[in-house]
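Summary of the model geometry
Below, each chain spelled out in residue letters.
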Amino acid sequence: MPTIHDVAKAAGVSISTVSYALSGKRSITPATRARIDEAIAALGYRANAGARMLAGTRTQILALSAPMHAETHPPAFMSFVVSIAAAARRSDYDVLLLTGSDALADLERVASSKLVDGIVVMDVATDDDRIDLLRDLRLPAAVIGVPDDVEGLTCVDFDFEAAAGLAVDRLTAAGHRSIGLLGHSAALYERRSNFAPRFRDAFLLAAAERGVATAFRATDPTGATDDVAALRTILPEMTALVLNCNEEQHRRVLRSLETHAVAVPDALSIVSACSSFSTDVMSTPLDVIPLPAERSGRRAVELALAQIDGDAVPHVELIPPSYEDKGSVRAR
């Protein structure tokens, strides 16, 4: 069935403009109203009655639950926040950012005060306490991430499992049979952050299925440890390396390799996986499987607004990975 998003796209207006036209909350120019009416007729759209009744009481604000932790990497964090805020603004919504350590209290406060029309939740853990609260609050909500229990949830996330398989496939196709993985700091795995364990587990499984020797190591966030050297003690025949860590940890790896005269890709092939930053500016540009923060944030907002409009059902969406060749992988 067509949704309010489809009507907005066909009429060339924002979702909120369609909502205003349906609810009468604000005046719409005759020309705009005509375009919306034509789109509704052409698509056969039927507005949800409950959504029409609620339209007059909307705050035009979304809450973004994004608690910051000691291991939160600000550039990656902000790439998602900015994408969500920009997507909301395009639909005439503002974003109330909730970064406090007591995420449950923050969500309960904004829900009880009726400050927001809906919620976007990011940086979820696999057993995140916020998930049960979302079900109890019964506010429209979209989750960026895939927790263990997705019943009744609308989730969108990057397909980390497919990204791990893609990294292994590209390297094995180039003849590599001993591939190391450097991950995020250990704290991310210990608090069961959604994305890091998913990539790690899928990588190890994909390597095992393809008969590839592999080893995993979490990076030292202080930089005091030579992570590549430590990984080589576990995997001495390593010819390829996958980096699933933040930008500064990438730079440390490349500095270590330069110090030890390990040429990329001649002596060691490298793939940067699930990176929200450009690898073009590294001392050695790296093949990358990009993390599409803008696309994830935009889609989360779209799904939250669809629920506000009564046009969505719970489901999980995974964004497929892509591969960008920068010349850091060499065939064996």
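Right, let's walk through the structure included here.

Structural notes on the pairing of strand S1 (residues 61-65)
Among the five residues of S1, four are classified as buried, and the element is accordingly described as predominantly covered. When S1 meets strand S2 (residues 94-98), the two strands line up parallel, connected through five bridges. Paired with Ala63 across the bridge in S2 is Leu96. Regarding the hand of the β-α-β motif, the stretch spanning S1, helix H5 (residues 74-90) and S2 is right-handed. Of the pairings in the sheet, the one linking S1 to strand S3 (residues 118-121) comprises four bridges and is parallel in character. Counterpart to Leu62 in the pairing with S3 is Gly118.

Topic: the nonpolar core
Within the largest apolar cluster, 58 residues are counted, with the highest numbers of intra-cluster contacts made by Met122, Phe199 and Val242. The residues contacting Met122, other than those within four sequence positions of it, are Leu64, Ser65, Ala66, Phe77, Phe80, Val81, Ile84, Arg130 and Ile144. Counting residues in hydrophobic clusters, the runner-up holds 19 residues, among them Met238, Leu257, Val262 and Leu286.

Topic: the environment of Arg295
In this structure, Arg295 sits in helix H13 (residues 293-308). As a C-alpha pair, Arg295 and Ser83 span 212 residues in sequence and 7.7 Å in three-dimensional space. When residues no more than four places from it in sequence are discounted, the contact partners of Arg295 are Ile319 and Pro320.

Parameters and conventions
Residues numbered from 1 in each chain as written. Predicted model: local features only at pLDDT ≥ 70, side-chain atom pairs only at ≥ 80, totals over all residues. Heavy atoms only, no water. Buried < 20%, exposed > 50% of the residue type's maximum accessible area, 1.4 Å probe, protein only. Helix = DSSP H or I, 4+ residues; strand = E, 2+ residues; numbered from the N terminus. Pairing = 2+ DSSP bridges. Right-handed = clockwise from strand over helix to strand, strands pointing away. Core = buried A, V, L, I, M, F, W, Y, C linked by side-chain atoms within 4.5 Å. Contact = heavy atoms within 4.5 Å.

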